[in-house]
Each structure stands twice: as C-alpha cells, then as structure tokens.
Amino acid sequence: MAPPALSACAEAVRKHDNDRFLTALFAPAGVREDLFALYAFNHEVAKTREVVTEPTLGQIRLQWWRESIDGAYEGTPRRHEVVEPLAAAIARHSLDRAQFDLLIDGREADLDDEAPADMDCLINYAQVTGAPLTRLACQILGASDPEVMEAARLVGTAWALTGILRATPFLARGHRSRLPMTLMVEHGVTEPALFDLKPQPGLSK
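Residues numbered from 1 in each chain as written. Predicted model: local features only at pLDDT ≥ 70, side-chain atom pairs only at ≥ 80, totals over all residues. Heavy atoms only, no water.

**Structural notes on the overall build of the protein**
- Regarding its fold elements, the protein presents 12 helices and zero strands.
- Each helix (α) and strand (β) of the protein, taken in turn from the N terminus, gives the series α-α-α-α-α-α-α-α-α-α-α-α.
- Its C-alpha atoms give the protein a radius of gyration of 18 Å, within 12% of the compact-globule value 17 Å for 205 residues.
- The principal-axis extents of the C-alpha atoms in the protein amount to approximately 50 × 45 × 35 Å.
- Residues classed as buried in the protein amount to 41% of the 205 residues present. (Helix = DSSP H or I, 4+ residues; strand = E, 2+ residues; numbered from the N terminus. Rg over C-alpha atoms; globule rule 2.2 N^0.38 Å. Buried < 20%, exposed > 50% of the residue type's maximum accessible area, 1.4 Å probe, protein only.)

**Digging into the pattern of salt bridges**
- In the structure shown here, the tally under the stated rule is 17 salt bridges.
- We note a salt bridge from glutamate 44 to arginine 61, for which the minimum N-O separation is 2.8 Å. Remark: arginine 61 occurs in helix α5 (residues 55-74) and glutamate 44 occurs in helix α3 (residues 29-46); sequence separation between them is 17 residues.
- A network of salt bridges, in which partner residues are shared, links Arg49, Glu50, Asp113 and Arg176. (Salt bridge = Lys/Arg side-chain N within 4 Å of Asp/Glu carboxyl O.)

**Observations regarding α3**
- Under the 1.5 Å per step criterion, the end-to-end length of α3 is 26 Å for 18 residues, consistent within 8% with the ideal 26 Å.
- Counting buried residues along α3, 13 of its 18 residues qualify, which places the element largely inside the surrounding structure. (Expected span 1.5 Å × (residues − 1).)

**Observations regarding the nonpolar core**
- Formed by 33 residues in total, the largest nonpolar core has its most connected members in Leu38, Tyr39, Phe41 and Phe100.
- Of all the secondary structure elements, the ones that give two or more residues to this core are α1 (8-16), α2 (18-24), α3, α5, α6 (83-93), α7 (97-106) and α8 (119-140).
- Element by element, the count of residues in this core is highest for α3, at nine residues.
- Phenylalanine 100 has contacts with Leu38, Phe41, Ile69, Tyr73, Leu86, Ile90, Leu95 and Leu136, leaving out every residue within four places of it along the chain. (Core = buried A, V, L, I, M, F, W, Y, C linked by side-chain atoms within 4.5 Å. Contact = heavy atoms within 4.5 Å.)

**Details of unusual backbone geometry**
- Located in the positive-phi region is serine 94, a residue other than glycine, with phi close to 50 degrees.
- Mapped onto the fold, serine 94 is located in the loop between α6 and α7.

**As for the environment of alanine 152**
- With respect to the helices, strands and loops of the structure, alanine 152 is situated in helix α9 (residues 146-166).
- Every residue in contact with alanine 152, bar those within four places of it in the chain, is listed here: Ala131, Thr134, Arg135 and Cys138.

**Observations regarding the packing of aromatic side chains**
- What the rule picks out here adds up to five aromatic pairs.
- Ring centres of tryptophan 64 and tryptophan 65 lie 5.0 Å apart, and the angle between their planes is 80 degrees; on these two criteria the pair is classed as edge-to-face.
- Positioned above the aromatic ring of tryptophan 159 is the side chain of arginine 20, whose terminal nitrogen or guanidinium carbon lies 4.5 Å from the ring centre.
- Between arginine 178 and the ring centre of tyrosine 125, over which it is positioned, the NZ or CZ distance is 4.4 Å. (Phe/Tyr/Trp six-rings, centres within 6.5 Å; stacked < 30°, edge-to-face > 60°. Lys NZ or Arg CZ within 6 Å of the ring centre and 35° of its normal.)

**Examining the environment of aspartate 105**
- Its location among the elements puts aspartate 105 in helix α7.
- C-alpha separation for the pair aspartate 105 and proline 146, spaced 41 residues apart in sequence, amounts to 23 Å.

**Notes on the side chain of arginine 49**
- With respect to the helices, strands and loops of the structure, arginine 49 is situated in helix α4 (residues 48-51).
- At a separation of 2.9 Å, a polar atom in the side chain of arginine 49 contacts the side chain of aspartate 113.
- What arginine 49 contacts, discounting residues up to four positions off in sequence, is Asp110, Leu111, Asp113 and Arg176. (Polar contact = N/O pair within 3.5 Å; in protein donor to acceptor, adjacent residues only side chain to side chain.)

What follows is the structure, encoded as structure tokens:
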C-alpha cells in the first residue's frame, strides 16, 4: 500500500529543509501540517537571495511576503499554496505577528553580500533569522511561556549558526561569505581563497 501523498508544504520542506521535516514528523499529527506551512514559509523568504538577480527585486519579493502576512492576519489570505495553509495555522494558534516581521526583516541582510564584520554581527543575524521561527514552532506546539521562548531563542540561534557553517561551501561558490571578517583576519583566511574553495588551515580553527 502506497504511503499518503504529502501536501505541497510538506513536500517543499522535505525537499529543501529535510532536518526540520524530520523533526516535524515527531510532532502530534494534528499540528504537523501547521509546522510544514510555517517551515515552507521560512524556506520561501530564506531563498530570496538565491532567486533574484539584484537587491531591488529581493526587496520586492520580501514586501510581497509582508503583504501576504498582512492578509493572513486580516482574514483575507492570498491564494497561494503556502500562504493559505499558513493563514489557517496563524488563526488556529494565534501566532505572534511580530515573529513573522522579524523573520522577513532579517532576510534583508541576505541581499547584502558583504560578510559580517565580527562575531556579534553574525550572532545577531543568526538570531533574527533563526529564533523567530523556533518561537513560532513552539507556539504551534502549544508552548509559549517565557522560559520556552528563551530556550527557543537560544536553540533557533544555534541552529541558524550551524546552517551558516554547513552552507559555507555553497555560499563561497557564489562569492559570498557569512564568516566574520575579524575571525578570518585573525586566522589568516582570505575571501579569494575561500571563494576558490582552496583548503586553508585557518578554516579548521
């Protein structure tokens, strides 16, 4: 007997964010699709830099998502395979609007190819792109007390930092880097060598 077909959101998450797809499978069945909708939305905004050819187009895309979230909260969601199930999840769980705004605003940094100046800048980027998503997932799971939200901030930030490290070769192929410039200088790592994917001792430190 063939397994049931995945929803459009679940399939997108399985394909593009498999780690979160697997974690969602451990969630209660009644909220699983809401998590998939949330994670599919995150993928949509996170891939902005990869699907546009210039920053202005990226800003337009992010604005489209801001307006889509507006419509979701106003009860008039756009007809879209991610927006409609996400709007349903927002209504079911009274999700915090501010977290969506933080996620979208955080992705504006992706439109600037300049590497973060130092570790503080990198952690701030990881926090605004990772913590809101984890907080929203916790709200879907019915956990929203202050202690959980603080734990979600830490876990979300750490997960984002891990993703940045894993993406280093991918970003380097596009002549982009999220490695802090102060640490690169300290360990003798140069962007030209990084972009050429040449092994450098400093990268292992």
